[in-house]
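Residue-level structure breakdown
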Amino acid sequence: MSSFKQAFHFNSEQWADLSPISDQEKQVRIDLATAYQLAYLKNWDDGIYTHISAAVPGEDGAYLLNRFGLRFNEVTPQNLVKVNLHCQILTGEGPVNQTGFAIHGAVHAARPDAKCVFHLHIDSVIAVSAQIQGLLPISQHALRFYEDIAYHHYQGLALSSDEQVHLVQSLGNKKAILLHNHGSIVCGSSVQQAFYLMDVLDKASKIQVLAGLSANLVHPSQKICELTYKQLCSDGDDEGQLEWPAYQRILLAN
């Protein structure tokens, strides 16, 4: 087994390079780094400029983020950086991107339920974010977000405290938000749920881009949209858990 794959094992010798951490943090690090690797395989990365974060269990206000300068495929459980809500590095080698601090810190502070936060610049999602209609209910994938998506107007790089306030106000209690002309933020109660939701949003966006802005698109009735949304959300916070081992096998196969 390569040293890279060994890094994703719970009992890897590479953990010795970190200060003592809990088993709970170790597992979140493995899951989060796996999400980065899978995101790379799905072409969700944007050079070094997007981020996925996860809250550290048992450490209020602490979360894990990628080191600025690493591509997604270079992220391992051990080189993730632990930061707090005040832009301070607690553990690991920095730096961390300031926009990443601003966006992820704001969301984690406002949404304790958001244990994992994806902020990505996926082509298809940006394309939909630039459309006045937003995400249309024209696919079963899009219907997962029928009552669970928000929108936020573009205000440049999200560095100011004012925009952080506006962003979390726009997000509210939704699982996803389209940042017009920019990308998306997806929140999950776990890494597993957040990854699954990002995957669904990506596919829904691709379908919409392929369908085009046509007046001849078939739209389900509001009643069916509401019913399907409830059906798709029936797993609650267990959403994505069943799918996660299958996602992990993709990484192990590469």
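One structure accompanies this document, and this report is about it. Predicted model only: the values in this text are computed from it and were never measured. (Residues numbered from 1 in each chain as written. Predicted model: local features only at pLDDT ≥ 70, side-chain atom pairs only at ≥ 80, totals over all residues. Heavy atoms only, no water.)

Moving on, we get to the layout of surface pockets. If a probe the size of a water molecule is rolled over the atoms, the empty space left behind becomes visible. One number sums up the size of the largest pocket: a volume of about 350 Å³. Around the largest pocket, the lining comprises 21 residues; the ones closest to its centre are A55, V56, P57, A62 and K115. Looking at the lining of the largest pocket, the elements with two or more residues in it are α2 (23-41), β1 (51-55), β2 (62-65) and α7 (191-211). In terms of residue count, the dominant contributor to the lining of the largest pocket is α2 (three residues). The residue inventory of the lining of the largest pocket, partitioned by class, reads 11 nonpolar, six polar and four charged. Taken together, the elements giving at least two residues each to the lining of the second largest pocket come down to α1 (3-6), α2 and α9 (244-253). With four residues, α2 is the single largest residue contributor to the lining of the second largest pocket. (1 Å grid on protein atoms, 1.4 Å probe; cavity = no way out; pocket = protein on both sides within 12 Å on 5 of 7 lines; lining within 4 Å. Points joined across faces, edges and corners; volume = space filled by probe spheres on them. Helix = DSSP H or I, 4+ residues; strand = E, 2+ residues; numbered from the N terminus. Nonpolar A, V, L, I, M, F, W, Y, C, P; charged D, E, K, R; others polar.)

Turning to the pattern of salt bridges, a few remarks are in order. Summed over all chains, the structure comprises nine salt bridges. One network of salt bridges, with partners in common, ties together E25, R29, E59 and K82. (Salt bridge = Lys/Arg side-chain N within 4 Å of Asp/Glu carboxyl O.)

This part covers the side chain of H121. As for its position among the elements, H121 is in the loop between β5 (116-120) and α4 (123-129). Within the structure, the side chain of H121 is placed 3.3 Å from the side chain of H119, a separation counted as a polar contact. (Polar contact = N/O pair within 3.5 Å; in protein donor to acceptor, adjacent residues only side chain to side chain.)

This part takes up α9. Taken together, the buried positions of α9 are occupied by W244, Y247 and L251. The buried residues of α9 occupy an angular sector of 65° when the element is viewed end-on, so they sit on one face. Pointing more than 90 degrees away from the buried face of α9 are the exposed residues R249, L252 and A253. Here the buried face of α9 lies against α1, α2 and α7. (Buried < 20%, exposed > 50% of the residue type's maximum accessible area, 1.4 Å probe, protein only. Arc of directions from axis to C-beta. Contact = heavy atoms within 4.5 Å.)

Right, let's get into the packing of α2 against α9. Axis separation between α2 and α9 bottoms out at 10 Å; the angle between their running directions is 65°. Crossing geometry of α2 relative to α9 is assigned as left-handed. In contact with D31, T34, A35, Q37, L38 and L41 of α2, α9 contributes W244, Y247, Q248, I250 and L251. Class assignment for the residues of the contact of α2 with α9 results in seven nonpolar, three polar and one charged. (Axes fitted to C-alpha atoms, helices over the stretch in contact; angles between N-to-C directions. Left-handed = near helix turned anticlockwise from the far one by under 90°.)

Put simply, G94 and P95 share a cis peptide bond, and its omega is 5°. Positionally, P95 belongs in the loop between β4 (89-91) and α3 (98-110). The backbone of N181 shows a phi angle near 65°, a positive value even though the residue is not glycine. Of the residues examined, N181 reaches a relative accessible area of 48% and is grouped as partly exposed.

Turning to the sheet that holds β2, a few remarks are in order. The strand order β4-β3-β2-β1-β5-β8-β7-β6 describes an open sheet built from eight strands, whose pairing is mixed. Each edge of the open sheet carries a strand with a single partner, namely β4 and β6 (149-152). Each neighbouring strand pair of the sheet contributes to a mean axis angle of 25°, computed without reference to strand direction. Two strands pair when backbone bridges link them, and β5 and strand β8 (residues 183-188) are joined in this way by five bridges, in the antiparallel orientation. Within β8, the position partnered with L120 by the bridge is S184. Packed onto the sheet, α7 meets β1, β5, β6, β7 (176-179) and β8 and runs at close to 145° relative to β8. (Pairing = 2+ DSSP bridges.)

What follows concerns the packing of aromatic side chains. Throughout the structure, instances matching the rule amount to eight aromatic pairs. Aromatic side chains F118 and F195 sit 6.2 Å apart centroid to centroid with 65° between the ring planes, which places their arrangement in the edge-to-face category. In this pair, F118 is assigned in strand β5 and F195 in helix α7, connecting sequence segments 77 residues apart. Here F118 falls in the buried class, since its relative accessible area comes to 0%. You can call F195 buried: its relative accessible area is 0%. The ring of F10 carries K26 above its face, with NZ or CZ at 4.9 Å from the centroid. (Phe/Tyr/Trp six-rings, centres within 6.5 Å; stacked < 30°, edge-to-face > 60°. Lys NZ or Arg CZ within 6 Å of the ring centre and 35° of its normal.)

Turning our attention to helix α8 (residues 222-232). Each full turn of the α-helix corresponds to 3.6 residues, which orients residues three or four apart in the same direction. Among all positions of α8, only C225, T228 and Y229 are buried. The buried residues of α8 occupy one face: seen down the axis, they fall within an arc of 105°. Opposite the buried face of α8, by more than 90 degrees, sit the exposed residues K223 and K230. If you follow the buried residues of α8, they end up packed against α5 (140-143).

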